[in-house]
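Spelled out from the first residue to the last, the chains are:
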Amino acid sequence: MATFPLPFIPTLSYKTGGRRFGANRDGGKRKHAACDLIAPKGTEIYAVENGKVTYGPYLFYHGTYAIEFRLDSGKVVRYCEIEKVASGIAVGSTLTEGTLIAYVGKMYVDSMLHFELYDGSGSGALTVRSNSPYQRRSDLINPTDYLDGCALLGAVQYPVGCALPGP
Ligand SMILES: [Zn+2]
């Protein structure tokens, strides 16, 4: 099971409103290519699985940055709208699931992690302006189910039948 990229599940759902994958942008001319995980600026962002940094950090949008990495499973993930990467994280860095790799950035008003997922079958740049409506590489996939299947970092799993600790 993969690790959720933030230390908590955002109160504002990444499955509704303008935060969801496929939400309209620019009056319907473009669709949202990610799930937006709303969190305070500076919130820690973790590696969802083991992998390796392939590109970045580079300027993404209104003073925020993006970083790309390939998971050992073959999928490609892009963390966008980050403030900065954690110390020691650069192209070629090996990522271990759950390690701190970046911090949530802030744009005009909102601060969030814009989470993009690709199945890894494509090659080249992830942003492809000519590829409507998402304007992304053709192997872009909806990350909602993936995020739903993640476990929070540090979440304790008690075996069935095991007594839970008291309050
Ligand atoms: Zn977004």
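These figures come from a predicted structure and were not determined experimentally.

Participant: What is the right way to read the overall build of the chain from this model?
Facilitator: Assigned secondary structure in the chain consists of one helix and 11 strands. The globule rule puts the C-alpha radius of gyration for 167 residues at 15 Å, and the 16 Å found for the chain is close to it. For the C-alpha atoms alone, the extent of the chain along its principal axes is close to 55 × 35 × 30 Å. Looking at the chain as a whole, 44% of its 167 residues qualify as buried. The long-range fraction of contacts in the chain, counting pairs at least 24 apart against all pairs at least 6 apart in sequence, stands at 59%. Surface exposure of the chain reaches about 8500 Å², of which carbon and sulfur atoms provide 53%.

Participant: Would you explain the coordination of the zinc ion in this entry?
Facilitator: When four donors bind a metal tetrahedrally, each ideal donor-metal-donor angle is 109.5 degrees, and when six bind octahedrally, the ideal angles are 90 or 180 degrees. Within the protein, the zinc ion binds to H32 (NE2), D36 (OD), D36 (OD) and H114 (ND1); these donor distances fall in the range 2.0 to 2.8 Å. Geometry at the zinc ion is irregular, judged from its four donor atoms and the angles of 52 to 157° they form at the metal. Owing to a relative accessible area of 5%, D36 belongs among the buried residues under this scheme.

Participant: Explain the nonpolar core here, please?
Facilitator: Looking at soluble globular proteins, one finds that nonpolar side chains tend to be buried together. The biggest cluster of nonpolar side chains holds 36 residues, and the ones touching the most others in it are Y79 and F115. Those elements that place two or more of their residues in this core are β3 (35-38), β6 (64-71), β7 (76-85), β9 (100-106), β10 (111-118) and α1 (144-148). For this core, the element with the most residues is β7, which contributes five residues.

Participant: Whenever I open this one, a nonpolar patch on the surface confuses me. Can you help?
Facilitator: Together, Y61, Y108 and V109 give the surface a local cluster of nonpolar side chains, amounting to about 370 Å² of exposed area. Mapped onto the secondary structure, V109 falls in the loop between β9 and β10. V109 gets classed as exposed once you look at its relative accessible area, which sits at 65%.

Conventions used here
Residues numbered from 1 in each chain as written. Predicted model: local features only at pLDDT ≥ 70, side-chain atom pairs only at ≥ 80, totals over all residues. Heavy atoms only, no water. Helix = DSSP H or I, 4+ residues; strand = E, 2+ residues; numbered from the N terminus. Rg over C-alpha atoms; globule rule 2.2 N^0.38 Å. Buried < 20%, exposed > 50% of the residue type's maximum accessible area, 1.4 Å probe, protein only. Contact = heavy atoms within 4.5 Å. Areas by Shrake-Rupley, 256 points an atom, 1.4 Å probe, with all protein chains shown as cover. Donors = N, O, S within 2.8 Å, 3.2 Å for Na, K, Ca; no water. Tetrahedral: all angles 85-135°; square planar, octahedral: opposite > 155°, others 65-115°. Core = buried A, V, L, I, M, F, W, Y, C linked by side-chain atoms within 4.5 Å. Patch = residues over 30% accessible without salt bridge, like charges linked within 9 Å, V, L, I, M, F, W, Y side chains within 5 Å. Salt bridge = Lys/Arg side-chain N within 4 Å of Asp/Glu carboxyl O.

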